[in-house]
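Residues per chain are reported as follows:
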Amino acid sequence: MLAAGPDNVAEVRALTGGMGVERAVDCSAHEAARAAAIRATRKWGRIVFIGEGGRVEITPRRLDSHQKTVYGSWVTSTWLMEELVERLVRWNLHPAGIITHRFPLHRAGDAYALMASGKCGKVAVCFDEELASDQS
């Protein structure tokens, strides 16, 4: 995993033989991170912005000439998330029970491969401390 920084696009290009990644996902809503995701994606690549807030300036010519596709996914607002969590408690629902597999962030590729195989229930990518608490 790369640490955030001004040289991220160059680092990604170096790791991919100058090509860039096929897919980029930004969950930060940070303008610089979103712009880096676009620049670090190869020709015909796909970029996903998850969550709301933030902004990014896009030059259509850069996207069009490289045939890149940008997707947006608004998950939910903070107030609605709070309401949903309250309902889970009120209705005594435990969605964690449907998680069949948990992966650390550095194994996200394995998690996505398993999900794509269809041979699992819900897959979670967790922070290391969450995984440690599950195993104790």
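Placed above this text is the structure.
Below is a summary of the structure that appears in this document.

## Some points on the sheet that holds strand β1 (residues 21-26)
Sheet architecture is open: three strands sit in the order β1-β2-β3, paired in parallel fashion. Bordering the open sheet on either side are β1 and β3 (69-73), each of which pairs with just one other strand. Each strand of the sheet is rotated relative to its neighbour by a mean of 15°, with strand direction disregarded. The pairing of strand β2 (residues 41-50) with β3 spans five bridges and is parallel. Considered in β3, the bridge of V48 is made with Y71. Along the sheet face, helix α2 (residues 31-39) touches β1 and β2 and points at about 155° away from the line of β2.

## Notes on the environment of F103
Inspection of the secondary structure assignment puts F103 in strand β4 (residues 99-104). Owing to a relative accessible area of 7%, F103 belongs among the buried residues under this scheme.

## A closer look at unusual backbone geometry
If you check the backbone angles, W44 has positive phi at about 70° while not being a glycine. Of note, W44 is situated in strand β2. Classification of W44 as exposed rests on a relative accessible area of 59%. Within the chain, Q67 stands out as a residue other than glycine whose phi angle is a positive 55°. One can find Q67 in the loop between α3 (60-66) and β3.

## A few points about the nonpolar core
Grouped together as the largest cluster of nonpolar side chains are six residues: A24, A37, I38, I47, F49 and L63. When contributions to this core are tallied by element, the ones reaching two or more residues are α2 and β2. With residues near it in sequence (within four places) discarded, I38 still touches I47, F49, V56, I58, L63 and K68.

## A short note on helix α1 (residues 8-15)
When α1 is considered as a whole, its buried residues turn out to be N8, V9 and V12. Buried residues of α1, viewed axially, fall in a sector of 100°; they line one side. Turned more than 90 degrees off the buried face of α1, the exposed positions are A10 and A14. Here the buried face of α1 lies against β1 and α2.

## A look at the pairing of β4
By the bridge criterion, five bridges tie β4 to strand β5 (residues 122-126) in an arrangement that is parallel. Counted as the bridge partner of F103 is V125 from β5. Viewed along the sheet, the connection from β4 through helix α5 (residues 108-117) into β5 turns out right-handed.

## Regarding a nonpolar patch on the surface
Taken together, the side chains of M81, L84, V85 and V89 present a nonpolar region at the surface, about 350 Å² in accessible area. With respect to the helices, strands and loops of the structure, V89 is situated in helix α4 (residues 78-90). You can call V89 exposed: its relative accessible area is 66%.

## Focus: the pattern of salt bridges
Under the definition given, this model contains three salt bridges. A salt bridge links R87 to E83; the nearest nitrogen and oxygen atoms lie 2.5 Å apart. Here the residue R87 and the residue E83 both occupy positions in helix α4, the gap between them amounting to four residues, near one helical turn. Classification of E83 as partly exposed rests on a relative accessible area of 28%.

Scoring rules and cut-offs
- Residues numbered from 1 in each chain as written.
- Predicted model: local features only at pLDDT ≥ 70, side-chain atom pairs only at ≥ 80, totals over all residues.
- Heavy atoms only, no water.
- Pairing = 2+ DSSP bridges.
- Helix = DSSP H or I, 4+ residues; strand = E, 2+ residues; numbered from the N terminus.
- Axes fitted to C-alpha atoms, helices over the stretch in contact; angles between N-to-C directions.
- Contact = heavy atoms within 4.5 Å.
- Buried < 20%, exposed > 50% of the residue type's maximum accessible area, 1.4 Å probe, protein only.
- Core = buried A, V, L, I, M, F, W, Y, C linked by side-chain atoms within 4.5 Å.
- Arc of directions from axis to C-beta.
- Right-handed = clockwise from strand over helix to strand, strands pointing away.
- Patch = residues over 30% accessible without salt bridge, like charges linked within 9 Å, V, L, I, M, F, W, Y side chains within 5 Å.
- Areas by Shrake-Rupley, 256 points an atom, 1.4 Å probe, with all protein chains shown as cover.
- Salt bridge = Lys/Arg side-chain N within 4 Å of Asp/Glu carboxyl O.

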